[in-house]
Amino acid sequence: MIVCSCNIISDHDIRGAVGSTDGELFSAAQVYDCLGCTVRCGRCSQSVRQILEERPPHCGRYSGMSESCSQP
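Residues numbered from 1 in each chain as written. Predicted model: local features only at pLDDT ≥ 70, side-chain atom pairs only at ≥ 80, totals over all residues. Heavy atoms only, no water.

*Asks:* What is the right way to read the confidence of the model for the protein from this model?
*Replies:* If pLDDT is low for a region, its predicted coordinates should not be looked at in detail. Scored by pLDDT, the protein comes out at a mean of 79, with 74% of its residues at no less than 70. Scored below 50 in pLDDT, residues 60-72 shows 15 contacts in the model against residues more than four places distant or in partner chains. (pLDDT = per-residue confidence, 0-100. Contact = heavy atoms within 4.5 Å.)

*Asks:* When you look at the nonpolar core in this model, what are you seeing that I'm missing?
*Replies:* Most often, soluble globular proteins have nonpolar side chains that are buried together. Residues I14, V31, Y32 and V48 are the most contacted members of the largest nonpolar core, which totals 14 residues. For this core, the elements supplying multiple residues, two or more each, are β1 (2-4), α1 (11-20), α2 (28-34) and α3 (45-54). With near-sequence residues (within four places) excluded, Y32 lies in contact with C4, N7, I9, C37, T38, V39, C44 and V48. (Core = buried A, V, L, I, M, F, W, Y, C linked by side-chain atoms within 4.5 Å. Buried < 20%, exposed > 50% of the residue type's maximum accessible area, 1.4 Å probe, protein only. Helix = DSSP H or I, 4+ residues; strand = E, 2+ residues; numbered from the N terminus.)

*Asks:* For this particular structure, what's the right way to read the side chain of S45?
*Replies:* With respect to the helices and strands, the residue S45 is situated in helix α3. Owing to a relative accessible area of 12%, S45 belongs among the buried residues under this scheme. Those residues in contact with S45 that lie beyond four places of it in its chain are A28 and V39.

*Asks:* It is not clear to me how α3 should be interpreted in this structure. Could you clarify?
*Replies:* Given 3.6 residues to a turn, an α-helix orients residues that are three or four positions apart in the same direction. Turning to α3, its buried residues number three or more, namely S45, V48, I51 and L52. Projected onto a plane normal to the axis of α3, the buried residues spread over an arc of 125° and lie on a single side. Those residues of α3 that are exposed and angled more than 90 degrees off the buried face are Q46 and E53. Buried residues in α3 make contact with β1, α1 and α2. (Arc of directions from axis to C-beta.)

*Asks:* Would you mind going over the state of the cysteines with me for this structure?
*Replies:* In a disulfide, the sulfur atoms of two cysteines are covalently bonded to one another. Scanning the model with the defined rule gives zero disulfides in all. Not part of a disulfide, C34 finds its nearest cysteine sulfur in C37, a span of 9.6 Å. No disulfide involves C41; its nearest neighbouring cysteine sulfur is the one of C6, lying 3.7 Å away. By relative accessible area, C41 is classed as partly exposed at 44%. (Disulfide = S-S within 2.5 Å.)

*Asks:* What should I look at first to understand the packing of α1 against α3 in this one?
*Replies:* The axes of two packed helices give the description: the angle between them and the distance between them. Contact geometry of α1 with α3 gives a least axis separation of 10 Å together with a crossing angle of 50°. Overall, the two elements α1 and α3 adopt an arrangement that is oblique. Helix-helix and strand crossings are classified by hand; for α1 and α3 the assignment is right-handed. Residue-level inspection shows D11, I14, R15 and V18 of α1 in contact with α3, the latter providing V48, I51, L52 and E54. For the contact of α1 with α3, the residue count by class is five nonpolar, no polar and three charged. (Axes fitted to C-alpha atoms, helices over the stretch in contact; angles between N-to-C directions. Parallel < 35°, antiparallel > 145°, perpendicular 65-115°, else oblique. Left-handed = near helix turned anticlockwise from the far one by under 90°. Nonpolar A, V, L, I, M, F, W, Y, C, P; charged D, E, K, R; others polar.)

Below you can see the structure in the form of structure tokens.
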């Protein structure tokens, strides 16, 4: 589903960025920076934050993936 209509970014794009980073992403601005764009109107920020909150704790490529972390 398209989360950001300004930059045409889907929930899959956001989840992919979150799952592929060495460090953790904590804000919509960091996610957008990782995707090579910027937040424009801001209506998507709530949805991006919700996606960030949905990820399992300690889930990351280099942070010792737990069994609950799924590969994209």
